[in-house]
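Observations on the three-dimensional arrangement
Read off the chains here:
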4 protein chains.
Amino acid sequence: MSGSVYGNIFKVSTWGESHGKGVGVVIDGCPAGLSLSEEDIQKFLNRRKPGQSKYATPRKEDDAVEILSGIFEGHTTGTPISMVVYNKTQRSSDYSEIASYYRPGHADYTFDAKYGFRDYRGGGRSSGRETIGRVAAGAVASAILSQLGISILTYTSAIGDVCIDPSRFDAGEINRNPLYMPDANAAKKAGLLLEEQMKNKDSVGGIIECIIKNVPAGIGDPVFDKLDANLAKAMFSIGAVKGFEIGDGFDAAKATGTKNNDPFICDDHGHIKKETNHAGGILGGISDGSDIFMRIAIKPTPSVASTQKTVTTAGEPISVQIKGRHDPIIVPRAVVVVESMAAITLADLMLSNMGARMEYLQKIYDRRSE
Amino acid sequence: MSGSVYGNIFKVSTWGESHGKGVGVVIDGCPAGLSLSEEDIQKFLNRRKPGQSKYATPRKEDDAVEILSGIFEGHTTGTPISMVVYNKTQRSSDYSEIASYYRPGHADYTFDAKYGFRDYRGGGRSSGRETIGRVAAGAVASAILSQLGISILTYTSAIGDVCIDPSRFDAGEINRNPLYMPDANAAKKAGLLLEEQMKNKDSVGGIIECIIKNVPAGIGDPVFDKLDANLAKAMFSIGAVKGFEIGDGFDAAKATGTKNNDPFICDDHGHIKKETNHAGGILGGISDGSDIFMRIAIKPTPSVASTQKTVTTAGEPISVQIKGRHDPIIVPRAVVVVESMAAITLADLMLSNMGARMEYLQKIYDRRSE
Amino acid sequence: MSGSVYGNIFKVSTWGESHGKGVGVVIDGCPAGLSLSEEDIQKFLNRRKPGQSKYATPRKEDDAVEILSGIFEGHTTGTPISMVVYNKTQRSSDYSEIASYYRPGHADYTFDAKYGFRDYRGGGRSSGRETIGRVAAGAVASAILSQLGISILTYTSAIGDVCIDPSRFDAGEINRNPLYMPDANAAKKAGLLLEEQMKNKDSVGGIIECIIKNVPAGIGDPVFDKLDANLAKAMFSIGAVKGFEIGDGFDAAKATGTKNNDPFICDDHGHIKKETNHAGGILGGISDGSDIFMRIAIKPTPSVASTQKTVTTAGEPISVQIKGRHDPIIVPRAVVVVESMAAITLADLMLSNMGARMEYLQKIYDRRSE
Amino acid sequence: MSGSVYGNIFKVSTWGESHGKGVGVVIDGCPAGLSLSEEDIQKFLNRRKPGQSKYATPRKEDDAVEILSGIFEGHTTGTPISMVVYNKTQRSSDYSEIASYYRPGHADYTFDAKYGFRDYRGGGRSSGRETIGRVAAGAVASAILSQLGISILTYTSAIGDVCIDPSRFDAGEINRNPLYMPDANAAKKAGLLLEEQMKNKDSVGGIIECIIKNVPAGIGDPVFDKLDANLAKAMFSIGAVKGFEIGDGFDAAKATGTKNNDPFICDDHGHIKKETNHAGGILGGISDGSDIFMRIAIKPTPSVASTQKTVTTAGEPISVQIKGRHDPIIVPRAVVVVESMAAITLADLMLSNMGARMEYLQKIYDRRSE
C-alpha cells in the first residue's frame, strides 16, 4: 500500500508524483449542498505556492486547480469531487543524477527498500508536491467547517531559534509576511536567519501552531479515534514533521496535577467552559468546547547545497551536492498543509459523530419534520 | 462511534468499563500458527497491574486474563482471539458522588457532551482499565514481532523534572525499580519527588521513551499511513498523552539541515545504514533499518486529593475533593501500554506491507514451492 | 484475516468457535440512549436456538446471552457492547474423528488450505454457532430501526420444492410453525418432506424471504456501497447461502423494460411512491421508500447421515458417515440470521447517510437548538 | 457518502459523471513492479465502448484512457495509479428535460431523496459511464492475477428468454459476436429478439456468467469477508444487477445434501480436488481450488422509447417519452464490468490473505534470503 487514502466518511485519496503528469485528489463523502468553486480551492493552493518569496523555490508554478467532478450548479452533489493540478515543469533531466544515490534525510532509500525501485524524479511521490491534493481537500473541509461556524488559525511560531513573542501576537500580521508569523518583529529576525543559512548552504526547521476555534464540545471518539490521536496522525502524515503537542504538550510532563487541571466554570449564558486551557481543548479524546491548540515541529529542509556524505544505490560511499535551488525552510509553505489536515480530520470526525446519539437519528429520520 | 477498533489487518477491538462486568479485546487478523498461551498475555498484563508499589493504587486486583477463542492446540488459528479480564471490584457506591459533577482533567464533561449521559462509575470507558484490552493485544503483536527478530524496549525517561542520565543508562535496571527507569539513581530521586507530591495531595507527569529494534527497512506507507503517523496516533490514543516526538523531535525544529541529516554508510556486511539517527529510524514515513526512537509526554494524574473548583452537571460551581487513593503518577503503568500500542501498530503495517511488491505475491502464491 | 469485523460505523466483531469456551460479539458504534436489555437480545437468540422442533438438533442448549459492557442504567452508552454466550457442551471427543478427513460440503479443506491447520471440533469457526454473535448484534440493530419506525419480516418461502402459496400468505402464521413459513399448508407439506429426507439420511435446502418495511427513501450509497450490494454481501456472508435476489431478481433478466419499470405516482398525502415494486425497493443502490424485498437461497445441510466419498487430510480416498444428529434443513434456524444481517446492514448505512447533506449537519450542530 | 471507494488493500476510488468533464479512478495499493501500459487498460475499456454494434448506443466515443501517475519506466511504483477518460460529448441541452421529472427504473428520484438535488445530465453519477473507472481498475487487477496464473472468462449466457446451449459452448465465439455469447446460434437468435424489442420501443434483460480459473485454494476470509460475499457485493454494486448465484445458486435450494455435496478426490499429482463443483469453487467462503462460477441477472434497460407514466419532481403525474437512442440491452457492455469487479475483488482478497500464516511472514521478512 501507499496509504494514500485518509478518513472514514470524508475520505480523501491523493495521487501524483513531483515530475509525473500531475497531482490530484478525490474526495468521497463530502455532504451535498455545499457551495464550492475552483476559486475556493485555488485560494488555499496559493498559500503553498512556490516562488512567492526569496525564501521559497523561485520556480513560478501556477498550480492551477481544475475540478473534474462532484460539483453541479455551484454546489457539491455528494458524489466524489475529483481535482487535478497538472505539472507544468517536467524537466526530468535535472534529476537524473539522483537516481544513482540516496539523498540524506530523504525517502530515496526507504522507497527502494519498500518497493524495490522508485520514481527518482524530484522525489516522486515523497515530494512536497503530494500535499497539493491535501490542500485542495483541506479547502473543501474548511468550507464545511466554516458553514458550521468553525474557523482555523495557523501560523509559524518559530524558525530555528527565533520564536514569536506571545505579547506581540497579531493575527492580522500572519498574511503580511512571507513566513506567516503573527509577530512582525520575529518575522524580520527569522528572515535574517534564513538569509544567513542560505549563505551557509544550509537550512533550518521550525514550529507551526494551529488553533481551531468554536468546535462544539463532544467531537472525537473516546478510545483509538480520539480527536487528538487523529490530529497527531494527520500532522505526522506531513513529511518533515518530527514532533506534535496538544495544549501544554511536553510541558505537561513537568507540571503537577493541580496546575495542569483546568477548572470547569459556567459562563453568563449558562454554558460550561474551562477557566484555563492546559488541555488544549480536548479531554479524553473529545473536544471540550475550548480552542483546540496544537504545535507541530518541522525538521530543516533535507536538500542543502553543502557537500554531504552518502552512498550510491550500490552501497559505494560518495560525496554529493544537491543541485537546484531549494527552500532553506519548509515551514511557511507547510502552514496551509497543517491547516488542511486539521480541517479534514475534524470534518471527518464531525461526520462520524452524527450517529453518537439516538436523538440525532430521530432528528434526521423523523418524517414528521419533512 | 467510540472508535474502539484499531488497525487495518491486525484489527483490535477493545471493550469494557472500569466498573462494568469486565474489560476485554477481540483481535481479528492474527496470522495462524503463532504459539500463544494465557501466560504470554498475563506477563504483559502484570506490567500494568495496580498495587505493585507504593506509587500505585493499592487495590490488589488480579487482572487474570482468559482466552476465549482463536487458539487451538497452543497456536493461533487465524480466527478472532477473544480475551477477557473480569472486574473483581465493582463497588459502585464509591463512585456515586462523581455522577453529580465534572472532575477537572477528566472526560466526564466531554462524554456527556458527546453521548448525552455517561457511565460515571470510575471513569467508565475512559478509565485506565480500558488499556487492559490493548495490553493483551500488544502481547500478541509482540509475539509476532519477536518471531521476526524485532524487539521493543520501553521505559520511563522522566518523572516531573527528574530525568534519566543517558550516561547511566542501564536497560537491565528498568525492571528492577517500580518506576521502570533505566537509571537507578534517577529512579531514587523520582521516588522522593513522588512521595513529596503525595504529601502535597498532588500528582506529576513524565516522559516515556520507546525503542523498536531490528525493524527491516521498508515498513510504513508513504503518504497518510506513514509509520510515524500511525505511531503518533497510537500513542495519542492513550489517555493522558500530550506530546509525541520521533528521533530528535522538537529539537529538529532548531537544528540545521547539515546537522539533522543522517549520512548513509555501508557496513562491513554490505548493508546500507545511517551513520547517525536524528531521524529516529523513519524517513518519508518508512522504516530505514535504524532503531525507531520515540518519546511520549504524559500529563499528571488528574485525580488529585487537593480541593478543586469545578461545576455540577447542572452548571453550579462547587469545590470538590476526589476521594479514594489514586496513583500520583500515570507514567510507570503506561510504559507497557506504550509498548503494546507500538507493537500493534508495527505488526499491522508489516502485514499490510506484504503486498508491496509483485515479487512478494509470487513468493507466496507460486505453486511450484507447494 | 478472518474477516470477522463488519460495518463502517455500526461495527460488529464476532468471535468464537463451536466447541471453544464460547461465542460472542462486540458492537462498536451503537448510538447512545437506546433502551436495551438482555431480554431484547435473548428473544432474538431464542429464534435460532437448536432443539426446538423435530427438524432441529435435539441438543438442548440454553444459549443464554450475557451483556458485559456498553449498557448503563438500561440504555446504551455509545461505547462498545460486548456480549457472550458460553458454550455448555464441549464434548470434543465426539468430533475427534473428523480431524482426519475433509467433510464434503464443509469448510474443513479450505480452512486447512488457508491457515495450514484448523480447529476441527464441530466445524470450529465455520460452525453455525458463529451466527450467535450476529444475531445478538442483529437484535441491537433491530432495536435502533424499530425506534425509527422500520420493521423487518423474514420467513421461509420454500423448503426443497415445497413453496408457499402467495394467496395463502399469513404473517401471523410464521411463528406458529417450527419452519417459520407464512402458510400453514405449505408448512405441513414441508414437514412431511423433511421427515422423508431424514428417513433417507439426506437433507434439503430452501429459500428465505425478507421484507424491510418503512425504510425512508434515500438510504444507500450510489456506487460500491449500494444498499442492495451491502445486503447481498451480508446475506452471502451467512454460510450455506448460494443465491440472492432483490425485487424480481432473476425474473427481471427475462422481463422487458416496459414491464419491469415501476411507474412513479403521487399518493393522497402528496408523497411520491411507486405503483409497482419490481425493483424491490431500491433504485440505483438507494432505497426508494417501497418495501425492500429480497430472496436468499440456502443449500441443503452438508452433514448427512448417508455414506459419502471423500479424502483424508493426507489425500487418501475413504468412505465416511458423519456421526451425530444433524438438522435435515438449515433454513428455519437461518431465518433470524438473515433478519439480523439485514438489520445490521441497514442500520450501518442509515448512520453513514447522516452526513449526506449539509442541512443534516446544520440540524445537529446548530447551537441555537441547544 | 457516495460509497465510491472499494477494497481493503487494493483500494479503488472512482469518480465522475456522465456529462461532467470526465470519469476516472485512483487505485491505491497496487503492488510495485507490475508491467503496465495505457494499452493494457485501453483493451479492457474497448470492450465496454459504445457504438460497436447496432444494439449499442451509436455515439462514437473514444473513451481514451490516460494514466496520470503511479507508473514509472513501464512498471507500477506501488503508489496511486490515477487514470482519467475525458468526456467528449457534453451536450447538456439534450438532458435538460429530464431535470423536471423522475424516470421510471432510474435513480433520479432516489438521488434527490438522498442528496436533496442531483446532477440530472445523462444520469450524472448513476450513469453507466461510472463503470469506466471500474474497468480501468479491473484491467490492473487482471494484470496482477494474470501474473499469478489466474484467468477470468466472462460472457453473456442469456438475453431475455434466449439462453446459450451448454452443449454448443465455444469460448472462442465470445469475442466474435457483439453480444459476447459463447454460442453463435444463441447469439443469432438473441440478435433477432433485440431487433424486435427495438421495434417495440422496448428493452430486455439477461444473464452474465463469470468463471475464474486457477485460483489457489485458501483465498477468502471465513466470516463476513467470504470470497462469495465480496463477489456478491461487487456484482450488486453494478447498476441493474438484480440477482446473483454461486455454483448451483437457487437450484441448490431444491437439491438434497447427497446430491449437492461435492466429494473430495485426489488427482494424479497428489492434489486434493472436488469431483463435482456444485459449490462453484467456494466452501465456507474460501476458494477450494475449483473454478469459481457465478451468474449475474441484469434487468432490462430502463430507458425505453415507449410512453411511460411517472411524476414530475413536484409530484404531478405526467406521461413521458425518454429521448435519444438507448441500448435495448445492458448485458453485453456489462460483461467486462462484471469481469473487472471480479478481478478487483479477488486481487484484494489475495493481498489480504498474505498475512494468513506466520510462515508467510517469515518468507517475506526472513533476512537470510536478502
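Note that the coordinates shown come from a computational prediction; the quantities given were computed from them, not determined experimentally.

Here's the deal with the overall build of chain A
Helices and strands together make up the secondary structure of chain A, namely 8 helices and 18 strands. Relative to the compact-globule value of 21 Å for 370 residues, chain A shows a C-alpha radius of gyration of 22 Å, a close match. For the C-alpha atoms alone, the extent of chain A along its principal axes is close to 70 × 50 × 40 Å. For chain A, long-range pairs separated by at least 24 residues make up 68% of all intrachain contacts whose partners lie at least 6 apart in sequence.

A word on the state of the cysteines
Under the defined criterion, the tally for this structure stands at 0 disulfides over all chains. Free cysteine: C30 of chain A, not disulfide-bonded; nearest cysteine sulfur from C210 of chain A at 20 Å. On the accessibility criterion, C30 of chain A (2% relative accessible area) is buried. You can see C163 of chain D has no disulfide; the closest cysteine sulfur is in C210 of chain D, sitting 18 Å from it.

Quick look at the sheet that holds strand β3 (residues 22-28) of chain B
Residue and element names in this part refer to chain B. Read across the sheet, 5 strands follow the order β1-β2-β3-β7-β4 without closing on themselves; strand pairing throughout is antiparallel. Pairing within the sheet leaves two strands with one partner each, and these edge strands are β1 (5-6) and β4 (66-67). Taken together, the 6 bridges between β3 and strand β7 (residues 81-86) define a ladder with antiparallel strand orientation. Among the inter-strand pairings, I27 is bridged to a residue of β7, identified as I81.

Quick look at the interface of chain B and chain A
Each side of the interface is counted separately: chain B has 108 residues, and chain A has 109 residues. Summed over both partners, the interface of chain B with chain A buries about 8100 Å², with 63% contributed by carbon and sulfur atoms. Between the two partners, chain B and chain A, sit 6 salt bridges. Residues K309 of chain B and E275 of chain A are paired through a salt bridge, measuring 2.8 Å at the closest nitrogen-oxygen approach. The tally of links from chain B across to chain A stands at 49 residue pairs in polar contact (both at pLDDT 80 or more). Here the side of chain B that touches chain A gets 7 residues from one element, more than from any other, and that element is helix α2 (residues 108-115) of chain B. Residue composition of the side of chain B that touches chain A, grouped by class: 47 nonpolar, 38 polar and 23 charged. Judged from the 3 bridges that link them, strand β11 (residues 241-246) of chain A and strand β11 (residues 241-246) of chain B form a sheet pairing that is antiparallel. Paired with G243 of chain A across the bridge in β11 of chain B is E245 of chain B.

Focus: the interface of chain C and chain D
Contacts between the two partners involve 108 residues from chain C and, on the opposite side, 109 residues from chain D. Counting the surface lost from both chain C and chain D, the interface buries some 8100 Å², and carbon and sulfur atoms represent 62% of this. Viewed at the interface, chain D and chain C are joined by 6 salt bridges. A salt bridge links K233 of chain D to D225 of chain C; its shortest N-O distance comes to 2.5 Å.

Examining the pattern of salt bridges
Going through the model one piece at a time under the given rule, you end up with 96 salt bridges over all chains. For the salt bridge of D108 of chain D with R103 of chain D, the shortest nitrogen-to-oxygen distance reads 2.9 Å.

Points about the side chain of N87 of chain B
Residue and element names in this part refer to chain B. Considering the arrangement of structural elements, one finds N87 in the loop between β7 and α2. For N87, a relative accessible area of 7% gives the class buried. At 2.9 Å, the side chain of N87 forms a polar contact with the side chain of R129. Leaving out residues up to four positions away in the same chain, N87 has contacts with E17, S18, H19, G20, K21, G22, V23 and R129.

Quick look at the packing of aromatic side chains
Remark: the centre distance and the inter-plane angle together describe each pair of aromatic rings, the angle taken between the planes. Enumeration over the complete set of coordinates arrives at 34 aromatic pairs over all chains. Ring centres of F244 of chain A and F236 of chain B lie 5.2 Å apart, and the angle between their planes is 75°; on these two criteria the pair is classed as edge-to-face. One end of the pair, F244 of chain A, is in strand β11; the other, F236 of chain B, is in helix α5 (residues 227-236), on a second chain. Just as F244 of chain A is buried, F236 of chain B falls in that class too.

Topic: the confidence of the model for chain A
With 94% of its residues at a pLDDT of 70 or more, chain A has an overall mean of 94. Interface predicted TM-score (ipTM) for the complex: 0.96; the corresponding pTM is 0.97.

What to know about the relation of the copies chain C and chain D
Overlay of chain C on chain D (RMSD 0.0 Å): rotation 180°, translation along the axis 0.0 Å. What we have between these two chains is a two-fold relation. The share of interface residues of chain C whose copies in chain D are also at the interface is 100%, consistent with both copies meeting through the same surface.

Some points on helix α4 (residues 184-199) of chain B
All names here are of chain B. Across its 16 residues, α4 extends 23 Å between first and last C-alpha, which sits within 8% of the 22 Å expected from 1.5 Å per residue. Every buried residue of α4 is listed here: A186, A187, A190, G191, L193, L194 and Q197. Next to the buried residues of α4 lie β8 (151-159) and β9 (162-163). Capping the start of α4 is the job of one residue whose side-chain oxygen sits 3.0 Å from the backbone nitrogen of N185: D183. Downstream of α4 by one or two residues, K201 has phi in the positive range, about 55°.

Section: the sheet that holds β8 of chain B
Read across the sheet, 10 strands follow the order β9(A)-β8(A)-β10(A)-β16(A)-β11(A)-β11(B)-β16(B)-β10(B)-β8(B)-β9(B) without closing on themselves; strand pairing throughout is antiparallel. Strands with a single pairing partner mark the edges of an open sheet, and in this sheet they are β9 (162-163) of chain A together with β9 of chain B. Pairing analysis gives 7 bridges linking strand β10 (residues 206-213) of chain A to strand β16 (residues 292-298) of chain A, with the strands arranged antiparallel. Paired with I207 of chain A across the two strands is A297 of chain A, which belongs to β16 of chain A.

Observations regarding helix α7 (residues 331-353) of chain C
For α7 of chain C, built from 23 residues, the straight-helix expectation of 33 Å at 1.5 Å per residue is met to within 8% by its first-to-last C-alpha distance of 32 Å. Of all 23 residues in α7 of chain C, 23 are buried, a share of seventy percent or more.

Focus: the environment of L283 of chain C
Structurally, L283 of chain C is set in strand β14 (residues 282-283). Given the relative accessible area of 3%, L283 of chain C is considered buried. With 108 residues separating them in the primary sequence, L283 of chain C and N175 of chain C have C-alpha atoms 32 Å apart. Discounting residues that sit within four places of it in the chain, L283 of chain C has contacts with F264, K274 and D288 of chain C together with G105, H106, A107, T110 and K299 of chain D.

Let's talk about the packing of helix α3 (residues 131-147) of chain A against helix α7 (residues 331-353) of chain A
Residues and elements named next belong to chain A. It is at 7 Å that the axes of α3 and α7 come closest, and there the two elements cross at 50°. Here α3 lies oblique to α7, going by the angle between them. Along this stretch, α3 crosses α7, giving a crossing that reads as left-handed. Between α3 and α7, the contacting residues are T131, R134, V135, A137, G138, A141, S142 and L145 on the first element and V336, V337, S340, M341, A343, I344, L346, A347 and M350 on the second. For the contact of α3 with α7, the per-class residue count stands at 12 nonpolar, 4 polar and 1 charged.

A few points about the environment of V140 of chain A
Residues and elements named next belong to chain A. Mapped onto the elements of the fold, V140 is located in helix α3. When its relative accessible area of 0% is taken as the criterion, V140 is described as buried. The sequence separation of V140 and V162 amounts to 22 residues, and the corresponding C-alpha distance is 33 Å. If we skip the residues at most four places from it in the chain, V140 touches F10, I27, C30, L34, L36, I41, I81 and M83.

Here we look at unusual backbone geometry
Its identity as a non-glycine residue notwithstanding, A240 of chain B has a phi of 85°, on the positive side. Phi is positive for K201 of chain C, which is not a glycine, with a value near 55°. Here K201 of chain C lies in the loop between α4 (184-199) and β10 (206-213). In this structure K201 of chain C comes out as partly exposed when scored by relative accessible area, which is 43%.

A short note on the pairing of strand β2 (residues 11-16) of chain C
Residues and elements named next belong to chain C. Counting buried residues along β2, 6 of its 6 residues qualify, which places the element largely inside the surrounding structure. Burial of β2 is two-sided: the residues K11, S13 and W15 facing one way and the residues V12, T14 and G16 facing the other way are all buried. Bridge count for strand β1 (residues 5-6) against β2 is 2 bridges, and the pairing is antiparallel. Bridge pairing in β2 places V5 opposite S13. Note: β2 against strand β3 (residues 22-28), 6 bridges, orientation antiparallel. Bridging across to β3, S13 finds its partner in V26. As consecutive antiparallel partners, β2 and β3 are separated by 5 residues.

What counts as what
- Residues numbered from 1 in each chain as written.
- Chains lettered and ligands numbered in written order.
- Predicted model: local features only at pLDDT ≥ 70, side-chain atom pairs only at ≥ 80, totals over all residues.
- Heavy atoms only, no water.
- Helix = DSSP H or I, 4+ residues; strand = E, 2+ residues; numbered from the N terminus.
- Rg over C-alpha atoms; globule rule 2.2 N^0.38 Å.
- Contact = heavy atoms within 4.5 Å.
- Disulfide = S-S within 2.5 Å.
- Buried < 20%, exposed > 50% of the residue type's maximum accessible area, 1.4 Å probe, protein only.
- Pairing = 2+ DSSP bridges.
- Buried area = accessible area lost by both parts, 1.4 Å probe.
- Salt bridge = Lys/Arg side-chain N within 4 Å of Asp/Glu carboxyl O.
- Polar contact = N/O pair within 3.5 Å; in protein donor to acceptor, adjacent residues only side chain to side chain.
- Nonpolar A, V, L, I, M, F, W, Y, C, P; charged D, E, K, R; others polar.
- Phe/Tyr/Trp six-rings, centres within 6.5 Å; stacked < 30°, edge-to-face > 60°.
- pLDDT = per-residue confidence, 0-100.
- Least-squares fit on C-alpha atoms with pLDDT ≥ 70 in both.
- Expected span 1.5 Å × (residues − 1).
- Axes fitted to C-alpha atoms, helices over the stretch in contact; angles between N-to-C directions.
- Parallel < 35°, antiparallel > 145°, perpendicular 65-115°, else oblique.
- Left-handed = near helix turned anticlockwise from the far one by under 90°.

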